[in-house]
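Secondary and tertiary structure notes
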Amino acid sequence: MAVSMARFLASLSWLLVFTGIFHTVCAEIAAGTAAAGDIPHRRFEYKYSFKGPHLTQSDGTVPFWVHTGIPTSLVSSVHEKLGSFPFLWMEEAFRSVRGPFIQMCFPAGAIPSADQIRITPSLRSQRGSVWTKSPVTFDQWEAEVSFRVSGRGRTGADGLAIWFTANQGLEGPVYGAADQWNGVGIFFDSFDNDGKKNNPAIVVVGNNGKLVYDHQNDGSTQALGTCLRDFRNKPYPVRAKIIYYQRTLTVWINNGFTPEREDYEFCTKVENMIIPQSGYFGISAATGGLADDHDVLSFLLFRLTEPGQNLPPPEQEIPKEEQDKYQKEFENFQEDLKTKKEEFQKEHPEVQGGPFDMYESVSERELQQVFEGQNRIHLEIKQLNRQLAMILDEQRRYVSVITDEVAKRSAGQAPSQEMDTVMSNQREILHGLNELRTTFTASLKQLTSEAQGNAGGLGSYETIQHFNDIKEHLHVVKRNVEHIIQKNAAPVEKMKCPELPPPSACLSTTPFVVVVVIQTVLFFGYVMYKSQQEAAAKKFF
């Protein structure tokens, strides 16, 4: 009895353990489902993004971004001489000439081109960075960065960094940006400074503006999250997706082995992370004793909002100073346009209206839309008119058949049930045609009134001609239907259809029996003859 009770207690304890595990797993699944359903709304922010092709403007700058390095005047003059490839000769100079003259003439910095921004070329001791001109004012965001890090050696230096800081760190010792930043930096470290053979690595480091970056240990003493990923010399661009949502920073990496854009792998997550509410995005890179080309192909930023939360109107997002500035620029542009139009008309009086009349006004556009709508109505009515004409043709054929049949019958015979059915169907068809005629008449009146109301605005011969065609077609339909009604209004005498004679037999009984007997005799004769032939053949064996 004691053994049975012990077994019962053991089974009960195991049952309680399994029950607890089952409830825990179910709770985790429910929490994961709820979290997956809580998907934030993404809105693309073009003022904090760049992407090729045509990444740069005519003066060599990137819209809404500022970069450190080669002066803008030099970039503009080179672009005028070389067109859309302003930096090819610079890159060749960097690669072929190694000396202080190049460092003096072309200071370290980012080199924008049509399809990418080269943060640093593969030269020793180079720094460069690009930063947004305007601060980001929303709290939650998602950044997608596409870049290449390529070099000739098996190891490179120093690396690339993606920043979100309260101030622009244009130049400095931390991957080409300023130290003691206030914000967060995601570092793609290529060189193993501490000798622990844990590079290339991706490190997330936060700073409140007071900490000095630990170069000797590759920031490992200050890292909030890290993962080991090799991002150098990949066949496809490496992609990083950085999400800051509900005070949680998550980093996803596409290693660049496949062209799939959404083939991301989880790297690291930092929870309960507080960053400045307003800040600048930036990308920087640096080289040391070893050198790599650090090229950024695109930077795409998305605003994240929680489900059910309304986005602020665009007017509130633009500061009052910028609104006044843009309004003033627009007014100046309008004045310049008016002045140039007057000058053109004075210089070319033979041109009627000038080239500016090629653009339609708002009223002209509205009238054009009205005309297009009425034209579509006209086409629909023409289609209905064709269908009604087919019905009328079929009706005329039926009426002619019935009339001919009635004429052939004598006047004294009583009408049959089939003729009653045919005549009732004819009346229903005529009733339907009469309703169609009424509908078309009402549509014609409505279109005629609209055409008269818009005649002053449109005033075109084509529009009036369209409505005249519609009216003419409807009058033809009306005459045809009235003719059918009048033709079928008088009672007609209904006669019976002629009865078909009974079918005659093609073959009588006597010839059929004779043929069967002859075929039977022939069959048995053939069988006997065949058997005798086989018996005679067997005698020789």
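Residues numbered from 1 in each chain as written. Predicted model: local features only at pLDDT ≥ 70, side-chain atom pairs only at ≥ 80, totals over all residues. Heavy atoms only, no water.

The chain carries the name L-type lectin-like domain-containing protein in an unreviewed UniProt entry, which gives Electrophorus voltai as its organism.

Tallying each qualifying case throughout the model produces one disulfide. Across a sulfur-sulfur distance of 1.8 Å, C227 and C267 are joined as a disulfide pair. Residues C227 and C267 are joined through a disulfide that is left-handed, its torsion about the S-S bond being -85°. Separated by 40 residues along the polypeptide, C227 in strand β11 (residues 223-228) and C267 in strand β14 (residues 265-271) bring together distant segments of the chain. Each of the two residues, C227 as well as C267, counts as buried. (Disulfide = S-S within 2.5 Å. Helix = DSSP H or I, 4+ residues; strand = E, 2+ residues; numbered from the N terminus. Buried < 20%, exposed > 50% of the residue type's maximum accessible area, 1.4 Å probe, protein only.)

On to the environment of L304, then. Residue placement: L304 occurs in strand β16 (residues 293-305). Not counting the four nearest positions on each side in its chain, L304 is found in contact with P40, H41, R42, Q140, W141, E142, I243, Y244 and Y245. (Contact = heavy atoms within 4.5 Å.)

Before going further, it helps to examine the pairing of β16. The buried fraction of β16 amounts to twelve of the 13 residues, a majority that puts the element mostly inside the structure. Note that strand β1 (residues 41-44) and β16 share four bridges and pair antiparallel. What sits directly across from R43, in β16, is R303. The pairing of strand β2 (residues 50-51) with β16 spans two bridges and is classified as antiparallel. Residue pairing for β16: F50 is matched across the bridge by F299. (Pairing = 2+ DSSP bridges.)

Here we come to unusual backbone geometry. The step from A157 to D158 runs through a cis peptide bond, and the omega angle for that step is -20°. Checked against the element boundaries, D158 lands in the loop between β7 (141-150) and β8 (159-165). Following N199, the chain continues into P200 via a peptide bond in cis, with omega recorded as 0°. Along the chain, P200 falls in the loop between β9 (182-189) and β10 (201-208). Positive phi, close to 55°, is recorded for K197, a residue that is not glycine.

For P135, the position within the fold is in the loop between β6 (127-132) and β7. Taking the C-alpha atoms as reference points, P135 and T165, 30 residues apart in sequence, are found 9.4 Å from one another.

This part is about the pattern of salt bridges. Using the criterion set out here, one finds ten salt bridges in the structure. Across the salt bridge formed by D295 and R118, the nearest N and O atoms sit 2.6 Å from each other. Of this pair, D295 sits in strand β16 while R118 is found in strand β5 (residues 117-120), placing the two residues 177 residues apart along the sequence. Note on accessibility: D295 and R118 belong to one class, buried. (Salt bridge = Lys/Arg side-chain N within 4 Å of Asp/Glu carboxyl O.)

So, about the side chain of S284. You can see S284 is positioned in strand β15 (residues 280-286). Relative accessible area serves as the criterion here: at 0%, S284 is assigned to the buried category. At 2.7 Å, the side chain of S284 forms a polar contact with the backbone oxygen of Y175. When residues no more than four places from it in sequence are discounted, the contact partners of S284 are I119, G128, S129, G159, L160, A161, W163, V174, Y175, G176 and A177. (Polar contact = N/O pair within 3.5 Å; in protein donor to acceptor, adjacent residues only side chain to side chain.)

On the surface, F512, V513, V516, V517 and V521 cluster together into a nonpolar patch covering about 430 Å² of accessible area. Relative to the helices and strands, V516 resides in helix α11 (residues 509-538). (Patch = residues over 30% accessible without salt bridge, like charges linked within 9 Å, V, L, I, M, F, W, Y side chains within 5 Å. Areas by Shrake-Rupley, 256 points an atom, 1.4 Å probe, with all protein chains shown as cover.)

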